[in-house]
Amino acid sequence: QVQIVESGGGLVQPGGSLRLSCAASGTIFSIYTMGWFRQVPEKQREWVAQITRSGITDSADSVKGRFAISRDNAKNTVYLEMNSLKPEDTAVYYCKAVLSVGRFFGPVAYWGQGTQVTVSS
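The structure reproduced in this document is the subject of the present report. Throughout this description, residue numbers start from 1 for each chain and increase along the sequence as written. For a predicted model such as this one, the threshold for reporting local features is a pLDDT of at least 70, and the threshold for listing and counting side-chain atom pairs is 80 or more; totals across whole chains, interfaces and linings nevertheless cover every residue. Note that the side-chain values use all heavy atoms of the structure and ignore hydrogens as well as water.

1. Here's the deal with the state of the cysteines
Whenever a pair of cysteine sulfur atoms sits within 2.5 Å, that pair is classed as a disulfide. Summed over the entire model, instances satisfying the criterion amount to one disulfide. Residue pairing for Cys22: its cysteine sulfur links by disulfide to Cys95, the two sulfurs lying 2.0 Å apart. An S-S torsion of about -80 degrees defines the bridge between Cys22 and Cys95 as left-handed. Taken as a pair, Cys22 in strand β3 (residues 18-26) and Cys95 in strand β9 (residues 91-100) lie far apart in primary sequence, 73 residues in all. In terms of burial, Cys22 and Cys95 fall into one category: buried. Secondary structure counts use DSSP, requiring at least four H or I residues in a row for a helix and at least two E residues in a row for a strand, with both numbered from the N terminus. Each residue's exposure class comes from its accessible area (1.4 Å probe, protein chains only) as a fraction of the maximum for that residue type: buried when under 20%, exposed when over 50%, partly exposed otherwise.

Structure representation (structure tokens):
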């Protein structure tokens, strides 16, 4: 069984910073891409950023220059450093991990339960 657990959300003022963490645990053989998505009520989930196992990153234009994604493969953990936060960054942030649970198993996407980020004065 695999668990994906996010942490680090909260309330922050505009211009402030937050750091989200996401840890994968359980029966894991290898983790491939890890990433962050976000969602506000009545809208589709939006891709934010991703990082491959080798450290190649990519992010949405809306967060480029403000958010940075990183990972610690030894800890099966991905981070999202969010700076210069804006009210429009308010959302539930979800972690996604594409991983395999065994040598002969293909990659499968697992999602966390989400963590709320609210940017407001």
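2. Considering the pattern of salt bridges
Salt bridge, as applied in this entry: a Lys or Arg side-chain nitrogen positioned within 4 Å of an Asp or Glu carboxyl oxygen. Scanning all chains against the criterion turns up six salt bridges. Between Glu46 and Arg38 there is a salt bridge, with its nearest N and O atoms 2.8 Å apart. A relative accessible area of 6% means that Arg38 is categorised as buried. A salt bridge links Lys64 to Asp58, with the shortest nitrogen-to-oxygen separation between them at 3.6 Å.

3. Some details on the side chain of Arg71
The topology assignment puts Arg71 in strand β7 (residues 67-72). Counting of polar contacts relies on pairs of N or O atoms within 3.5 Å, with two restrictions inside protein: one atom must be capable of donating a hydrogen and the other of accepting it, and residues adjacent in sequence are counted only when both atoms are side-chain atoms. Separated by 3.3 Å, the side chain of Arg71 and the backbone oxygen of Ile31 make a polar contact. Looking at Arg71, its side chain comes within polar contact range of the main-chain oxygen of Ile51, at 3.2 Å. Between two residues, a contact is recorded if the distance between any of their heavy atoms is within 4.5 Å. The residues touching Arg71, leaving out its near neighbours within four places in the chain, are Ile31, Tyr32, Thr33, Met34, Ile51, Thr52, Arg53, Thr77, Val78 and Tyr79.

4. With respect to the packing of aromatic side chains
Think of it this way: a Phe, Tyr or Trp ring, Trp meaning its six-membered ring, pairs with another when their centres are within 6.5 Å, and the plane angle makes it stacked under 30 degrees, edge-to-face over 60, tilted otherwise. All chains considered together, the criterion is met by one aromatic pair. Geometry around Tyr79 places Arg19 over its ring, the cationic atom sitting 4.1 Å from the centre. Lysine NZ or arginine CZ positioned within 6 Å of the ring centre and within 35 degrees of the ring normal marks a charge as sitting over the ring. Seen from the ring of Trp111, Arg45 lies directly overhead, with NZ or CZ sitting 4.8 Å from the centre.

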